[in-house]
Amino acid sequence: MKRLKENFQKPHILIVGAGIIGKFNAIELSELGYQITIADPALDKNSSSAALGLLMGNIYHKRNGRSWILRKQSLELWPKWIKLLQEFNTKLHIEKPLIQLTKNDAKFEKLKQFVNDNKNQGLEILDKDSIIIKNINKTFNTKNIKGVISHKDGRIDPLSLLDTLNIYLKNKKINFINDEIIKIKRINKKWISISKSNNKIKTDAIVLCNSLDAVNLILEKTYKIQLKPVLGQAIEVCTSLHEVNFLSLPKHFNIDGKNIIPLTNNKIIIGSTDEYHKKPEENVFEKLTNFIENKPNWLSKERVTRKWFGIRSRPEGEPSPVQKNLENGLIICTGFYKNGFLLAPSCSHWVANELKEYFI
Ligand SMILES: Cc1cc2nc3c(=O)[nH]c(=O)nc-3n(C[C@H](O)[C@H](O)[C@H](O)COP(=O)(O)OP(=O)(O)OC[C@H]3O[C@@H](n4cnc5c(N)ncnc54)[C@H](O)[C@@H]3O)c2cc1C
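Analysis parameters
- Residues numbered from 1 in each chain as written.
- Predicted model: local features only at pLDDT ≥ 70, side-chain atom pairs only at ≥ 80, totals over all residues.
- Heavy atoms only, no water.
- Helix = DSSP H or I, 4+ residues; strand = E, 2+ residues; numbered from the N terminus.
- Contact = heavy atoms within 4.5 Å.
- Areas by Shrake-Rupley, 256 points an atom, 1.4 Å probe, with all protein chains shown as cover.
- Lys, Arg positive; Asp, Glu negative; His and termini not counted.
- Charge placed at Lys NZ, Arg CZ, Asp CG, Glu CD.
- Near = heavy atom within 4 Å.
- Polar contact = N/O pair within 3.5 Å; in protein donor to acceptor, adjacent residues only side chain to side chain.
- Phe/Tyr/Trp six-rings, centres within 6.5 Å; stacked < 30°, edge-to-face > 60°.
- Buried < 20%, exposed > 50% of the residue type's maximum accessible area, 1.4 Å probe, protein only.
- Domains from an automatic or database assignment.
- Buried area = accessible area lost by both parts, 1.4 Å probe.
- Core = buried A, V, L, I, M, F, W, Y, C linked by side-chain atoms within 4.5 Å.
- Disulfide = S-S within 2.5 Å.

J.: Lay out the overall build of the chain with the relevant residues and their values.
T.: Per the secondary structure count, the chain includes eight helices and 19 strands. Principal-axis analysis of the C-alpha atoms places the extent of the chain at approximately 65 × 45 × 40 Å. Counting only contacts in the chain whose residues sit at least 6 apart along the sequence, the fraction spanning at least 24 positions is 71%. Carbon and sulfur atoms make up 49% of the accessible area of the chain, which totals about 18,000 Å². In the chain, which carries 57 positive and 37 negative side-chain charges, the distance between the mean positions of the two groups comes to 3 Å.

J.: Before we move on, could you go through the site of the ligand and cite the residues and values that matter?
T.: The local shell around the ligand holds 33 residues, among which Asp40, Ser48, Leu54, Ile181 and Phe336 are the closest. The contact in question runs from a nitrogen atom of the ligand to an N or O atom on the backbone of Leu52, over 3.1 Å. Here an oxygen atom of the ligand and a backbone polar atom of Phe341 are 3.0 Å apart. Coverage of the ligand by the protein amounts to 94% of the 1,000 Å² it exposes when considered alone.

J.: Now, about the packing of aromatic side chains: what can you tell me, with residues and values included?
T.: Applying the stated criterion to the full structure yields nine aromatic pairs. Residues Phe24 and Trp81 carry aromatic rings whose centres are separated by 4.1 Å and whose planes lie at 40° to one another, so their mutual orientation is tilted. Of this pair, Phe24 sits in helix 1 (residues 20–31) while Trp81 sits in helix 2 (residues 65–85), and the two are 57 residues apart along the sequence. Accessibility classification places Phe24 together with Trp81 in one group, the buried group. Taken together, a centroid distance of 5.5 Å and an interplanar angle of 75° make the contact between Phe140 and Trp298 edge-to-face. Taken together, the residues Phe140 in helix 4 (residues 131–140) and Trp298 in the loop between helix 7 (284–289) and strand 17 (304–316) connect sequence positions 158 residues apart.

J.: Tell me about the domain arrangement of the chain, and please be specific about residues and values.
T.: Assigned domains within the chain: domain 1 (12–84 + 157–225 + 318–359) and domain 2 (98–151 + 229–315). Between domain 1 and domain 2, the C-alpha centre-to-centre distance is 30 Å. In this assembly, 22 residues from domain 1 lie in contact with 30 residues from domain 2. Counting each side, the surface lost to burial between domain 1 and domain 2 is near 2,100 Å², with a carbon and sulfur contribution of 66%. When residues of domain 1 are sorted by the area they lose upon contact with domain 2, Leu52, Ile59 and Tyr337 head the list and together hold 32% of the total.

J.: How would you explain unusual backbone geometry if you had to name every residue and give the values?
T.: Of note, the bond from Lys96 into Pro97 is cis; its omega dihedral lies within 30 degrees of zero at 0°. Inspection of the secondary structure puts Pro97 in the loop between helix 2 and strand 4 (98–102). A positive phi angle, close to 60°, is found at Asn120, a residue other than glycine. Relative to the elements of secondary structure, Asn120 occurs in the loop between helix 3 (105–117) and strand 5 (123–125). A positive phi angle, close to 45°, is found at Asp256, a residue other than glycine. Along the polypeptide, Asp256 turns up in the loop between strand 14 (253–255) and strand 15 (258–264).

J.: If you had to explain the nonpolar core to someone new, which residues and values would you point to?
T.: Ranked by size, the top nonpolar core spans 43 residues in total, and within it Ile13, Ile20, Leu29, Leu161, Val207, Cys333 and Leu355 carry the most contacts. Contributing elements (two or more residues each) for this core: strand 1 (12–16), helix 1, strand 2 (35–39), helix 2, helix 5 (158–171), strand 12 (205–208), strand 19 (330–334) and helix 8 (340–359). Counting residues per element, this core draws most heavily on helix 8, which supplies nine residues. Beyond its immediate sequence surroundings of up to four residues, Leu29 is in contact with Ile13, Ile15, Tyr34, Ile36, Val207, Val351, Ala352 and Leu355. Listed in part, the 25 residues of the second largest apolar core include Ile136, Phe140, Ile255 and Ile292.

J.: Which residues make up the state of the cysteines, and what are the values?
T.: Applying the stated criterion across every chain, the model contains zero disulfides. Considering cysteine sulfurs only, Cys333 is the nearest to Cys209, which forms no disulfide, with 4.8 Å between them. Residue classification places Cys209 among the buried residues on the basis of a relative accessible area of 8%. Take Cys333: it sits in no disulfide, and the sulfur closest to it among the cysteines is that of Cys347, at 3.6 Å. With relative accessibility at 1%, the residue Cys333 sits in the buried group.

Set out below in structure tokens:
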């Protein structure tokens, strides 16, 4: 991160929304020397606090186009971020590798082809007789699990990351307003933002990181950005049965789109669903476990000890995410329907470049 020149008058930027995207933007811009204010009325109810923290970049099958460029850039930037954040949490790290599994033969053939086409990229086909596959089959009562390991992908503990980002923001004395922004307007080359409790915030630029609600602050007809809610649920299952030990499993893995994270010897997380509305569906257990035909004894509805959800935003009519420089220092970063954690570093890097161009 290259700081602004010393004699440059610090532009003031308002970041609307303090989920993972808002926090990354606030830190990157503050490190660059901008004066930052960040506003959010409901920090712990956002989709970031519901996330599982898997960073699936290298396992992404497309190796061209915008979505791959964003992933590739994030994979390169993540180690720098970890180093920066370790100043406040020495334990913060990305737990590698990541294992992607399937029960479907056709899907496995595609995975194999992908690994063969991308040699020397930290991808490896798992031997079906490996101890990893044997332990997964034993625990989940499955027979034909197959898959690959991606040594460059992994998981970051999402709550630990969010806490560390909060400590960083506090320590750098970044101004935080616990309020909702309800209106923005441009007057005499400045942006005026009005909050619900009638605070007026005058800044040189605004970065909208407020997910679904970002479109309420801009002229929909002018920018034609449409977002729809995608709710994701996750569950925690806790068993008292001694016939399983979740710690015999890999630290995190994915079976046919379901992310699985063993927490202790008898506690495991499974997530997440894609529900196209704002109210969580009742049948979450069935949805998250339908990849297992004969459920093992430990996997029953009664053993669900915790469930939670988050509402993400998905762009309609254009790919995710929406990163646009709308006008005169008004930037939007939204529509991180999946992979918001993975893509946060490339998003804030892009915003920093846009603002640098604007303030030159
Ligand atoms: C169950 C689940 C599991 C997931 N697992 C993963 C995973 O493993 N890996 C991964 O990369 N991603 C995962 N995701 C997706 C990830 O959570 C999202 O991509 C990411 O959190 C989006 O971040 P955000 O900052 O854009 O939105 P949010 O975290 O939703 O933050 C938006 C913020 O804006 C605030 N806001 C809204 N309106 C206003 C306003 N008018 N004024 C001020 N503030 C406002 C809100 O209060 C909120 O805090 C998961 C999501 C869910 C639900």
